[in-house]
Amino acid sequence: MNSRLLPLALLVTVFAVSAAVPAAAQTSPAAVAKGYKAPRNAFGQPDMSGVWSNATITRLERDPKYGDRLILTPEEAKAIEGASDQRNARLRANTDTSIKDPDKLPECQSGAQGAACGYNAFWTDPGTRLVRIGGEARTSILTAPANGRLPSRPTSSNGTAAGAAGAGRARAQFGGNFDNPENRALGERCIVGFGGTSGPPMMPVLYNNHYEIHQTRDSVVIVVEMVHDARIVRIGGSHPPASLRTWMGDSVGHWDGDTLVVETTNLRREEGLRGPEDNMKVIERFTRVSPQQILYQFEVVDPATFSAPVKGEEAFNFTKDKIYEYACHEGNYALPGILAGARAEERKAAAAAPAKPETVALK
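A. Fine view of the pairing of strand β1 (residues 50-53). For β1 and strand β5 (residues 210-215), the ladder comprises four bridges, and the chain directions are antiparallel. By the bridge assignment for β5, W52 is matched with Y211. Relative to strand β12 (residues 310-318), β1 runs antiparallel, the two sharing two bridges. Looking at β12, one finds that W52 is bridged to F318.

This is the structure:
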C-alpha cells in the first residue's frame, strides 16, 4: 500500500469501527467525571442540591436508521440541532392573523395542528439540544436493548401477547375512555405530571423540565416542576407491603461511593414506564460528574411488560432558573370540557343511529 495512504486508511478503519460498535448499556460515571469529585454537603454526602433540567430534543427511543449506534457524529448532531432551531424559529413567529380557520393554523410545538394545538411554541420549552454525556451526543435516551427501542412484550405459551393487558395500561396512562374522570390520564386530572416527568424513571417532556433537589442526612427530596410533585427518597430501610401503592412508588436509596442509588417499587399501574405490572422495579443512579451536570441512569425491570430489562441515561444540567408554583387546578376547565365533549359526541351518534324497529307482542 502507498505509505501516504496508510494514515488515511487507518483513520477510516478507526471511524468505521467506532461507528459500528455500540456503546455499553451503561456509561461509567468515573469515565465521564474525568477526575472530578463532587463537593460534600454538611452530612458528608456528594452535594446534588440545586435546580437541574433534563430538557432535550433527544427521543426516548432511537430512530431505527441508527441501528445499534448510540453516539452521533458531531456533524449529525449539528444538523439535528440546526433543524430544531429552524423549526423553533418558525413556530415562534407571529401568527398570521389573516387565517380565520383554526384548522389551517401552523403546527404547534407538539406537532399538533389547528384546534388540537393546546399550547403554541411561546408556552413550551422542550429543550433545544441533544443529550450529551461525556461530550458525546446521543441518538436516544435508551441504551438497552442495544437498538434503543422498547423491547417487545412477552409472548405466552399459546402465542398471544402476554403484555396485551400492559398495552391497555399504557393507553390508560395517556387517557383511557371518557366514562368518568377517573378513567382519564393522571396529567389531565392534575395528580402527577404527564409523560413520565415525575418518574420513575423521570422523562423530559414538552415543558417544565426542572427538578429541585434537597438533601438531609436520611432523605433526598426531588421537587418536580410539573404539577409540583415531590419525590421523597428514604436513605436506607425497606419497602412496605406490596398492597400499599403510591403514585410515584416507594423509593429507598443508598450511597454507592459518589453515586446515589435509588430502588423504587410499589408503583401504581397508572404511573411508571408504559403501564407497569405490579412487580415493576426501577433502579436509578444519580452521579454528579461535573459542576454543571448530574449523570442520571435508570433501569426498568418488569418481565410481565417488557421481554428484557430497559436501561437509559439522561443529562441533568444545572440551571440558575427557579421553580415556580404549577397551579394545575387553577382555572382548569379542561377536564369538564373533555367529559362534556364526550357526552356531546354520544348524543350526536345516538341521534344519527337508525331507529330500532318496534317489537309487537303477539297475543
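B. Region of interest: the pattern of salt bridges. In this structure the tally under the stated criterion is 15 salt bridges. Between D256 and R285 there is a salt bridge whose closest N-O contact spans 3.4 Å. Taken together, the residues D256 in strand β8 (residues 250-256) and R285 in strand β10 (residues 281-290) connect sequence positions 29 residues apart. For D256, a relative accessible area of 41% puts it in the partly exposed group. Across the salt bridge formed by K281 and E263, the nearest N and O atoms sit 3.9 Å from each other. Of the two residues, K281 is situated in strand β10 and E263 in strand β9 (residues 259-265); the sequence distance between them amounts to 18 residues. Judged by relative accessible area, E263 falls into the partly exposed class, the value being 29%. Several salt bridges converge on common partners, so that one network encompasses E81, D85, R129 and R132.

C. Focus on the environment of A93. Note on placement: A93 falls in the loop between α3 (74-91) and β2 (132-133). Each C-alpha atom, one on A93 and one on A121, is 9.0 Å from the other, the two residues being 28 residues apart in sequence.

Cut-off values and rules
Residues numbered from 1 in each chain as written. Predicted model: local features only at pLDDT ≥ 70, side-chain atom pairs only at ≥ 80, totals over all residues. Heavy atoms only, no water. Pairing = 2+ DSSP bridges. Helix = DSSP H or I, 4+ residues; strand = E, 2+ residues; numbered from the N terminus. Salt bridge = Lys/Arg side-chain N within 4 Å of Asp/Glu carboxyl O. Buried < 20%, exposed > 50% of the residue type's maximum accessible area, 1.4 Å probe, protein only.

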